[in-house]
Amino acid sequence: MTLLELEDVTAFYGPVQVLEGVSLSVPENGAVGILGANGAGKTTTLRAISATVRAGGRIVFDGKDIRGTRPDRVAALGIAHVPEGRGTFGDLSVRENLRVGAYLRKDRKGIASDIDYCLDLFPNLQDRITSNASALSGGEQQMLAVARAIMSKPRLLLLDEASLGLAPSTAKAVYDAIRRLRVESGIAMVVVEQNANLAFTLVDSATVLETGRNVLTGTSAELRGMDEIRRAYLGG
Amino acid sequence: MATFIQLVVDGLSTGSIYAAIALALVLVHQATGLINFAQGGMAVLAAYSAWWLTARGVPLVLAILASIVLSFLLGAAVERWLMRRFERGDPDTAVVVTIGLLTLITGICGWLFTYNNQQFPSLFSLDAVSFLGVSVSQRSIGTTLVIVVVMFLLQGLFAGTKLGLALRAVAINPQSAAFSGLPVERLLMVGWGLAAVLGAIAGAMVAPQLTLTPGMLDNALVYALAAVILGGLSSPVGVVVAAWIIGVLENLAAVYIPLIGYDLKVAVPFILIFVVLVIRPQGLFGRKTVVRV
Ligand SMILES: Nc1ncnc2c1ncn2[C@@H]1O[C@H](COP(=O)(O)OP(=O)(O)O)[C@@H](O)[C@H]1O
Ligand SMILES: [Mg+2]
């Protein structure tokens, strides 16, 4: 079953068109990567899904065209966007950030046990639970951003460059945790990454964008074997 | 000594009025990151609506309650149809818009109700209560108590409720808030509405004392801003304590420092601000965040 389908999606910042027709298909429980150079339109594709940029084409989630809905309604449908730059609430404590993530939920017990789950997934956050998010390290903020998204119990997670600005070992720790989340929860994912090696540890398939268009799509194994992918994104 | 205590108690009571306006400023700032210079003007409009109702025979308590409801709607409407256009843009522009709104509301009040002083009935009796040889009016005590209750309610709202947490989240990062499903626009309207309610309470408390005029709260707004800066923008308890300090010091300085006297007492909070900001830039109680005015 397909959970999310993008067909010929365009997007605009004011009059400037930056997506020229992007397609993407995410199966239920699947994880799909979006690769591409800086400025290719990866972030904008995620923003089209979460309704934070003006978009055209068809964006079908769970059988319904959701294009043009409000961002908070998209979230309510079960899509959680972890934005580029993390977007944590700096003046709120770690626990408060997680509670904001659970805003739409009413099940107190479920919320409490999901907070415990997040702290188990990201043990670094345990000691920081009462610290302000702004006092966390970059890696901890990224973990908090993912944890906040998990707290909404999404069916689909949009991850934007979760490794950006992190030391390689920290980036790996973040991706290890996300992989564990994927196995344990079955949440579907769209994973934007410039670090293709890291992305391929998580996704089943991926598409490569160039100037707002898909130029290549395939399974992780297929893409890993291609010379042009190796040269452009895998460092040889 | 009796004079001293009298001055302190009176100072607490006027300080409470500054505190109520300051709490409204903090609420809007928490919810939108802006300082609303029209906060006092909106409170005056609320006081006029309560006055208009009492003049038509509506009991005072009911009139004040009605003005509180009206204020909530007015605050929400101002956010929805005026401020929303400016919130996403340059914060300086938005602040200028609130100053324009203050001018507009003052003009409307003057046009509807004239600039003459109107008598506003008091919720509390003017009778004095005596203790330790000092007589204090019930009005002073009542005003102070009302503000203390409001302060704790607000502190509880921000620290202990889902709505308060949501208001703070929206102020810090509206986009992330939306990503978590928070109805950002509705929350902003609620924040402005609640702030206007605080203003209406302040207006109803102070109008009997100052008598009702369109510019009744202009001075109070200046003191409230001083309290907000002194107390720290993030702390309801902090701004109330700061407002009390200002009210009391202002009264004491006027009497005990001949150089200042009644004409210069308005300078007191600013000297205080200057000293505090040099020593503690985040305010007496505030956390270290950048003040965006
Ligand atoms: N807010 C914006 N306003 C105008 N143009 C933008 C904005 N954000 C991104 N762009 C442009 O859109 C294109 C795609 O950007 P983006 O989706 O952020 O790329 P990526 O995430 O792949 O690095 C780039 O050319 C970028 O300059
Ligand atoms: Mg990007």
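In this text the structure is predicted, and so the values were computed from the model without any measurement.

S.K.: Report on the overall build of chain A, specifying residues and quantitative values.
M.R.: The helix and strand inventory of chain A stands at nine helices and 10 strands. Relative to the compact-globule value of 18 Å for 236 residues, chain A shows a C-alpha radius of gyration of 17 Å, a close match. When each of the 236 residues of chain A is scored for burial, the buried share is 54%. At a minimum sequence separation of 6, the contacts of chain A that also span at least 24 residues come to 66%. Of the roughly 9,900 Å² of accessible surface on chain A, 49% is carried by carbon and sulfur atoms. Once the 27 positive and 27 negative side-chain charges of chain A are each reduced to a mean point, those two points are 5 Å apart.

S.K.: Give a description of the overall build of chain B that names residues and reports values.
M.R.: What chain B contains, in helices and strands, is 12 helices and two strands. The globule rule puts the C-alpha radius of gyration for 293 residues at 19 Å, and the 19 Å found for chain B is close to it. Principal-axis analysis of the C-alpha atoms places the extent of chain B at approximately 60 × 50 × 35 Å. A buried classification covers 56% of the 293 residues belonging to chain B. Looking at chain B alone, contacts between residues at least 24 apart form 72% of all its contacts between residues at least 6 apart. Accessible surface computed for chain B: about 12,600 Å², of which carbon and sulfur atoms make up 71%. Put simply, chain B has 14 plus and 10 minus side-chain charges, and the middle of one group is 12 Å from the middle of the other.

S.K.: Which residues make up helix H3 (residues 94–101) of chain A, and what values do they have?
M.R.: Counting buried residues along H3 of chain A, six of its eight residues qualify, which places the element largely inside the surrounding structure. Those residues of H3 of chain A not exposed but buried are Val94, Glu96, Asn97, Leu98, Val100 and Gly101 of chain A. On its buried face, H3 of chain A is in contact with helix H4 (108–121) and helix H5 (138–150) of chain A together with helix H6 (162–172) of chain B.

S.K.: Account for the nonpolar core, naming residues and giving values.
M.R.: Counting residues in hydrophobic clusters, the biggest one holds 95 residues, and the most contacted among them are Leu23, Leu182, Leu212, Met216 and Leu217 of chain B. If you tally residues by element for this core, the top one is helix H8 (residues 184–210) of chain B, at 15 residues. Every residue in contact with Leu23 of chain B, bar those within four places of it in the chain, is listed here: Val150, Met151, Leu154, Leu198, Pro236, Val239 and Val240 of chain B. One finds Cys118, Ile129, Leu166 and Ile229 of chain A within the second-largest nonpolar core, a separate group that totals 48 residues.

S.K.: Got a sec to walk through the site of ligand 1? Specific residues and values, please.
M.R.: Residues and elements named next belong to chain A. The environment of ligand 1 is formed by Tyr13, Val18, Ala37, Asn38, Gly39, Ala40, Gly41, Lys42, Thr43 and Thr44. Here an oxygen atom of ligand 1 sits 3.0 Å away from a polar atom, N or O, in the main chain of Gly41. In this structure, Lys42 approaches ligand 1 through a main-chain N or O atom, which is 2.8 Å from an oxygen atom. With three residues, helix H1 (residues 42–49) is the single largest residue contributor to the shell around ligand 1.

S.K.: An account of the coordination of the magnesium ion (ligand 2) is requested, with residue identities and associated values reported.
M.R.: All names here are of chain A. Those donors, Thr43 (OG1) and Glu84 (OE), are the protein atoms that reach the magnesium ion (ligand 2), and they lie 2.0 to 2.4 Å from it. Of this pair, Thr43 sits in helix H1 while Glu84 sits in the loop between strand S6 (79–82) and H3, and the two are 41 residues apart along the sequence. Take Thr43: its relative accessible area is 21%, and that puts it in the partly exposed class. Glu84 sits in the partly exposed class, given a relative accessible area of 39%.

S.K.: Can you tell me about the side chain of Ser131 of chain A, naming the residues and giving the values?
M.R.: All names here are of chain A. Along the chain, Ser131 falls in the loop between H4 and H5. Accessibility expressed as a relative area gives 18% for Ser131, which makes it buried. Residues within four places of Ser131 in sequence aside, it is in contact with Leu92, Ser93, Val94 and Leu136.

S.K.: Can you tell me about the environment of Val26 of chain B, naming the residues and giving the values?
M.R.: Following the sequence through the fold, Val26 of chain B ends up in helix H1 (residues 2–32). Measuring from C-alpha to C-alpha, the distance between Val26 of chain B and Ser235 of chain B comes to 7.7 Å, with 209 residues separating the pair along the chain.

S.K.: So, the interface of chain A and chain B: which residues are in play, and what are the values?
M.R.: Taken together, the contact between chain A and chain B spans 26 residues of the former and 21 residues of the latter. Across the chain A to chain B interface the summed buried area is about 2,000 Å²; carbon plus sulfur atoms make up 59%. When the buried surface of chain A facing chain B is broken down by residue, Phe89, Asp91 and Tyr103 of chain A rank first, second and third, together holding 30% of it. Inspection of the region where chain A meets chain B yields one salt bridge. As a salt-bridge pair, Glu96 of chain A and Arg168 of chain B come within 3.3 Å of each other at their nearest N and O atoms. Remark: the boundary between chain A and chain B carries five residue pairs in polar contact (both at pLDDT 80 or more). Among the elements of the structure, helix H2 (71–77), S6 and H3 of chain A are those that each provide at least two residues to the side of chain A that touches chain B. Among the elements that make up the side of chain A that touches chain B, the one with the highest residue count is H3 of chain A (four residues). Of the residues belonging to the side of chain A that touches chain B, the class tally is 10 nonpolar, eight polar and eight charged.

What counts, and where the lines are drawn
Residues numbered from 1 in each chain as written. Chains lettered and ligands numbered in written order. Predicted model: local features only at pLDDT ≥ 70, side-chain atom pairs only at ≥ 80, totals over all residues. Heavy atoms only, no water. Helix = DSSP H or I, 4+ residues; strand = E, 2+ residues; numbered from the N terminus. Rg over C-alpha atoms; globule rule 2.2 N^0.38 Å. Buried < 20%, exposed > 50% of the residue type's maximum accessible area, 1.4 Å probe, protein only. Contact = heavy atoms within 4.5 Å. Areas by Shrake-Rupley, 256 points an atom, 1.4 Å probe, with all protein chains shown as cover. Lys, Arg positive; Asp, Glu negative; His and termini not counted. Charge placed at Lys NZ, Arg CZ, Asp CG, Glu CD. Core = buried A, V, L, I, M, F, W, Y, C linked by side-chain atoms within 4.5 Å. Near = heavy atom within 4 Å. Polar contact = N/O pair within 3.5 Å; in protein donor to acceptor, adjacent residues only side chain to side chain. Donors = N, O, S within 2.8 Å, 3.2 Å for Na, K, Ca; no water. Buried area = accessible area lost by both parts, 1.4 Å probe. Salt bridge = Lys/Arg side-chain N within 4 Å of Asp/Glu carboxyl O. Nonpolar A, V, L, I, M, F, W, Y, C, P; charged D, E, K, R; others polar.

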